[in-house]
Amino acid sequence: MPDPVPESIVGVCVEAPQHAALAPWLDYRSEQLLMPGTIVRVPLGKRDVAGIVWYAGATLAGGGAALRPVRQALCALEPLSQAWRQLVGFAAGYYQRHLGEMALAVLPPELRRIDATQLARRLARKRTSETFAASQPAASDAPGAQAPDMSDGQLAAVEALRTLAPATFLLHGVTGSGKTEVYLQAASHALAAGRQVLVLVPEINLTPQLESRFAARFAGHRLVSLHSGLTPAQRLRSWLAAHQGQAGVVLGTRLAIFASMPRLGLIVVDEEHDPSFKQQEGARYSARDLAVYRGRLEGVAVVLGSATPSLESWQRAEEGAYRRLALPERIGAGALPRVRTVDMNLQPRDAPGGSGLSAPLLDALRERLARGEQSLLLLNRRGYAPVLHCGACAWKSACPHCSAWRVFHKRDRTLRCHHCGFSQRVPKACPECGNLDIQPVGRGTERLEEQLVQALPEARVGRIDADSTRGKGMLEAQLSAVHAGEIDVLVGTQMVAKGHDFRRITLVAAINPDGGLFASDFRAPERLFALLMQAAGRAGRDASQAASSEMWLQTWHPRHPLYAALRTHDYSEFAASQLQERRMAGLPPFSSLALLRAEARSAEVATAFLQAAAVAAAALPEVQGVSLYPPVPPPLSRVADVERMQMLLESGSRAALQRLLAAWLPALQALRKDDKAHRAVLRWAVDVDPLSI
Ligand SMILES: [Zn+2]
Ligand SMILES: [Zn+2]
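Every chain's residues receive numbers from 1 upward, in the order its sequence appears when written. Each chain is given a letter, starting from A, and each ligand a number, starting from 1, according to the order in which they appear as written. Only residues with pLDDT of at least 70 get local features here, since the model is predicted, and only at 80 or more are side-chain atom pairs given and counted; chain-wide, interface and lining totals rely on the full set of residues. Side-chain metrics rest on all non-hydrogen atoms present in the structure, leaving aside hydrogens and water.

## Considerations on the overall build of the protein
Secondary structure elements are taken from DSSP: a helix is a run of H or I of four residues or more, a strand is a run of E of two residues or more, and numbering for both begins at the N terminus. The number of helices and strands found in the protein is 19 helices and 28 strands. The globule rule used for comparison is 2.2 Å times the number of residues to the exponent 0.38, while the radius of gyration itself is calculated over C-alpha atoms. The C-alpha radius of gyration computed for the protein amounts to 28 Å, which stays within 12% of the reference 26 Å derived for 693 residues, consistent with globular compactness. Based on the C-alpha atoms only, the size of the protein along its principal axes is roughly 100 × 65 × 50 Å. Going through the 693 residues of the protein one by one, you find that 53% of them count as buried. Residue contacts are counted whenever heavy atoms from the two residues lie within 4.5 Å of one another. When contacts within the protein are restricted to residue pairs at least 6 apart in sequence, long-range pairs at least 24 apart make up 75% of them. Accessible surface area values rest on a Shrake-Rupley calculation with a 1.4 Å probe, where residue burial reflects the displayed protein chains alone. For the protein, the exposed surface amounts to about 29900 Å²; the carbon and sulfur share of it is 53%. As used throughout, the charge tally considers Lys and Arg to be positive and Asp and Glu to be negative, leaving His and the chain termini uncounted. For this purpose, a charge sits on NZ of Lys, CZ of Arg, CG of Asp or CD of Glu. Charge-centre separation for the protein: the mean point of 78 positive side chains lies 4 Å from the mean point of 65 negative side chains. Throughout, exposure labels follow a simple rule: accessible area from a 1.4 Å probe, protein chains only, divided by the maximum for the residue type, with under 20% read as buried, over 50% as exposed, and the rest as partly exposed.

Structure, rendered in structure tokens:
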């Protein structure tokens, strides 16, 4: 009788937050020899869950009988590569998450759900459709094919990227300078070398236009997109095409940084400064920072592109860690728009159309209208008015569940909280004193639109914001109306400032940009500058109109240095002054930060947890070199009846901060579990490199 097949032990990562305090993986036994990276299905409690083999252990020699068996291995798929596992392992460690949670969360949801039989069916279906696709004629994709004439800056950048040297490049190009063409050229070299290209963009809205440019250039290659807007089936199909190496180009939002790509040769992060690259819940990772790590890990070139790079990336380039590639000119010699400020201190308070639109700006809009050109007005606040106010008793439309005002939406006559969604009909009279004369205070996009219609009756006014684009396809429809010239004046939030290529807009105006100048968050000026530069870039994209294009700023602080730098389109001067301030204040990129956040029904409970956490940290030797600040409420301290508190940790050494966090987390888990006083804490989380504090 032959010996029974010896079983082996495998360590499997599963998504099991309740095991968070335990080992990063759980042991199972397996009759099959399973390679690390194999996706399996294993029993967990009474459930059957997906897992990833993280290590293939020794042959089972007694004592392992208590281990449960692996139910099934998805052997039709190549195991996830060691580089992929290392990326995920690094992300889990750096952002202080459980390995299994991280590893499973970044796989397509559908892949976590299906078994081997279902997978086989999907793969068969996928093969059929690909055979059909392969029979279609493919266009030429030789490097340089269909490429337009390039500027000196572009040629130099393309030359630097030709060899796809494993390095991080910061592509600093003003809007309209042709960054995309540089991406395309670098991608063509990677594809010609048989490698795959990963392109990250900040928002789903921006994927279609980039997708069509890549698709037009690389018709012979498979291009897939990966973002949360896909159906589960589409997302699995894209993921499989990347994992199996058929997709030459993977284009996606931040989650695509974890795409499994066996032949990765180039990573592009477009608009690298955009806050959307930072995940804001669960594992709070930065896809931009992970891109740099992944590039180093896999020895591939990483291109970070922006007109207004993040100060972190800019500083890395200053230090020589990143190679800077500059595109200082707009393609076709189109000039950047002239920046003009309207000093609101000098404007009469009863200007036509209300104080939101100054007389000089209205005149400029009329001029555009007469010439048949388009204008874009930027106001980063949707709704009609941010608050309703009673002059008799000082009542304001506060949200009963949040530390925020409910916004007045005139169209459907509601008071709506933008944080918890609480919505009510607008009261006919003041709910406190019965006064019938309650007034909207301040201005949102709806009100601006209304004022424009009154002030410019002959103009066709449109509005694009989260309210006007709620339905599927509505954003596309509105954008194409702008492109078709059916809109004369477009009102919009920051949604319209990003990326969209409006050919006929010659005037962009920021109606009330001052808020970012004095906000408590130290990154607010950086964000405001980026937003205004980006908005300015929407004007004069057509070279024939560039000479007459203008960016207007209505401001109470016309001499502010931020506006001065904007006037000269001088990002590097702005960056230098901001970095100087950050250096003096010991803020990133000259220090590393982490936040411990806690949420509870009462601020006292959340605060007590943070204070106990601080005591626990103080007892650790790793606290050396790390400063802990007292718990404070964040700017929005209550949402949906939940109180939030946060505590800042700061260190001049990233490594020291990482050491403390690693040692501290088990203590925090124990604190919540073992100490009755902290059971009422609803949620707590560590945010490493937080984007807002
Ligand atoms: Zn009142
Ligand atoms: Zn609310």
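Structure shown, so let's carry the discussion forward.
## So, the packing of helix α14 (residues 524–536) against helix α17 (residues 571–585)
One way to put it is that α14 packs onto α17 with a least axis distance of 11 Å and a crossing angle of 170°. Classified by the angle their axes make, α14 and α17 are roughly antiparallel. Across the interface between the two elements, P525, E526, F529 and M533 of α14 pack against Y571, F574, Q578 and R582 of α17. Partitioned by chemical class, the residues of the contact of α14 with α17 number 5 nonpolar, 1 polar and 2 charged. Angles here are taken between N-to-C directions and fall from 0 to 180 degrees, while the axes themselves are lines fitted to C-alpha atoms, restricted in helices to the stretch in contact. What sets the label is the angle itself: under 35 degrees gives roughly parallel, over 145 gives roughly antiparallel, 65 to 115 gives roughly perpendicular, and the rest give oblique. Residue polarity follows a fixed list, in which Ala, Val, Leu, Ile, Met, Phe, Trp, Tyr, Cys and Pro are nonpolar, Asp, Glu, Lys and Arg are charged, and the others, Gly among them, are polar.

## A short note on helix α8 (residues 232–243)
Given a helix with a known number of residues, its expected span is that number minus one, times 1.5 Å. Along its 12 residues, α8 runs 16 Å from first to last C-alpha, staying within 8% of the 16 Å computed at 1.5 Å per residue. Those residues of α8 that fall on the buried side of the exposure criterion are R235, L236, S238, W239, L240, A241, A242 and H243. In the segment just after α8, G245 is the residue with positive phi, at about 85°.

## Overview of the sheet that holds strand β17 (residues 414–416)
If you walk across this open sheet you meet the 3 strands as β16-β17-β18, and the pairing is antiparallel. Sheet topology places β16 (407–409) and β18 (423–425) at the edges, where each strand pairs with a single neighbour. Across the sheet, the axes of successive neighbouring strands diverge by a mean angle of 25°, strand direction being ignored. Pairing of β16 with β17, which is carried by 3 bridges, proceeds in the antiparallel orientation. Its bridge partner lying in β17, F408 is registered against L415. Pairs of strands are assigned from DSSP output, requiring at least two bridges between the strands.

## Thoughts on the coordination of the zinc ion (ligand 1)
A metal bound by six donors in octahedral fashion has ideal angles of 90 or 180 degrees, whereas one bound by four tetrahedral donors has an ideal angle of 109.5 degrees. Listed donor atoms are N, O and S within 2.8 Å of the metal (Na, K and Ca: 3.2 Å). As water is not included, a site may look incomplete. Protein coordination at the zinc ion (ligand 1): the donors are C390 (SG), C393 (SG), C430 (SG) and C433 (SG), at 2.3 to 2.4 Å from the metal. Tetrahedral means four donors with every angle between 85 and 135 degrees, whereas square planar (four donors) and octahedral (six donors) require angles over 155 degrees between opposite donors and between 65 and 115 for all others; sites fitting neither are termed irregular. Each of the 4 donor atoms around the zinc ion (ligand 1) contributes to a set of angles spanning 104 to 112°, which defines the coordination as tetrahedral. Mapped onto the sequence, the residues coordinating the zinc ion (ligand 1) show the spacing C-x2-C-x36-C-x2-C. Here the residue C390 occupies a position in strand β15 (residues 387–390), and C430 occupies one in the loop between β18 and β19 (438–441), the gap between them amounting to 40 residues.

## What about the pattern of salt bridges?
What counts as a salt bridge is simple: a side-chain nitrogen of Lys or Arg found within 4 Å of a carboxyl oxygen of Asp or Glu. A complete count under the given rule lists 40 salt bridges for this structure. Note that D48 is salt-bridged to R41, the shortest N-O span being 2.8 Å. Take R41: its relative accessible area is 7%, and that puts it in the buried class. Ionic pairing is found between R460 and D488, a salt bridge with its closest N-O pair at 2.9 Å. With a gap of 28 residues between them, R460 in the loop between α12 (445–455) and β20 (461–464) and D488 in the loop between α13 (474–483) and β21 (489–492) connect regions that are remote in the sequence. Look at R460 and you get partly exposed, because its relative accessible area is 42%. By sharing partners, the salt bridges in this structure join R338, R340, E367, R368, R371, E373 and E550 into a single network.

## Overview of the coordination of the zinc ion (ligand 2)
Coordination of the zinc ion (ligand 2) by the protein comes from C399 (SG), C402 (SG), C417 (SG) and C420 (SG), over a distance range of 2.2 to 2.3 Å. Mapped onto the sequence, the residues coordinating the zinc ion (ligand 2) show the spacing C-x2-C-x14-C-x2-C. Placement of C402 in the loop between β15 and β16 and of C417 in the loop between β17 and β18 is noted, with a sequence separation of 15 residues between them.

## With respect to the sheet that holds strand β10 (residues 264–270)
A sheet is described by the order of its strands in space; here 7 strands give the open sequence β8-β9-β7-β10-β11-β6-β12, paired in parallel fashion. The strands lining the two open edges of the sheet, one partner per strand, are β8 (222–226) and β12 (323–327). The sheet shows a mean angle of 20° between the axes of neighbouring strands, taken without regard to direction. Inspection of the sheet shows strand β7 (residues 196–200) paired to strand β9 (residues 247–252) by 4 bridges, in the parallel sense. When the bridges of β9 are listed, L200 appears paired with G252. The strands that helix α5 (residues 152–161) touches are β6 (168–173), β11 (301–306) and β12; relative to β12, the one it contacts most, it runs at about 150°. Most of the contacts of α8 go to β8, to which it runs at about 130°, and overall it touches β7, β8 and β9.

## Comments concerning the packing of helix α10 (residues 311–318) against α17
Their axes nearest at 11 Å, the elements α10 and α17 cross at an angle of 95°. In terms of orientation, α10 and α17 fall into the roughly perpendicular class. Two secondary-structure elements touch here, α10 through L311, E312, W314 and Q315 and α17 through Y571, S572, A575, Q578, L579, R582 and R583. Within the contact of α10 with α17, the residues separate by chemical class into 5 nonpolar, 3 polar and 3 charged.

## Observations regarding the environment of M645
Within the secondary structure layout, M645 lies in strand β27 (residues 642–651). M645 sits in the buried class, given a relative accessible area of 9%. Between the alpha carbons of M645 and T555 there is a distance of 33 Å; along the sequence they are 90 residues apart. Residues in contact with M645, not counting those within four places in the same chain, are L596, R597, A598, A603, A606, T607, L610, P631, V632, P633 and P634.

## A look at the nonpolar core
Counting residues in each nonpolar core, the largest one holds 122 residues, and the members touching the most others are L111, F258, L532, W664 and L668. For this core, the element with the highest residue contribution is helix α19 (residues 654–674), accounting for 8 residues. Discounting chain neighbours no more than four positions away, the residues touching F258 are W84, L87, V88, A91, M102, V106, Y285, L290 and R294. For the purposes of this section, nonpolar cores are sets of buried Ala, Val, Leu, Ile, Met, Phe, Trp, Tyr and Cys residues that join through side-chain atoms within 4.5 Å. Counting residues in hydrophobic clusters, the runner-up holds 28 residues, among them A186, L266, V268 and L327.

## Notes on the pairing of strand β3 (residues 39–44)
Within β3, 6 of the 6 residues are buried, leaving the element largely enclosed by the surrounding structure. A two-sided burial pattern is seen for β3, the buried positions comprising I39, R41 and P43 on one face and V40, V42 and L44 on the other. Across 2 bridges, β3 lies against strand β5 (residues 72–73) in antiparallel orientation. In the sheet register, R41 faces β5, and the bridge partner there is Q72.

## Thoughts on the environment of L562
Structurally, L562 is set in helix α16 (residues 561–567). When its relative accessible area of 3% is taken as the criterion, L562 is described as buried. Sequence separation of L562 and A404 is 158 residues, and the distance between their C-alpha atoms is 28 Å. Excluding anything up to four places from it in sequence, L562 contacts L517, P525, L528, F529, L532 and F574.

## A few points about the pairing of β21
Successive residues of a regular strand alternate their side chains across the two faces of the sheet. Residue alternation in β21 divides its side chains into two sets, V489 and V491 and L490 and G492, and both sets are buried. Examined bridge by bridge, strand β14 (residues 374–378) and β21 share 4 bridges and lie parallel to one another. Its bridge partner lying in β21, L377 is registered against V491. Of the strand pairs in this sheet, β20 and β21 are connected by 4 bridges, and their pairing is parallel. Note that in β21 the partner of I464 across the bridge is G492. Between β20 and its parallel partner β21, the chain crosses via α13, and the hand of that crossover is right-handed. Handedness of a crossover is defined as follows: orient the strands so they point away from the viewer, and if the path from the first strand over the helix to the second runs clockwise, the crossover is right-handed.

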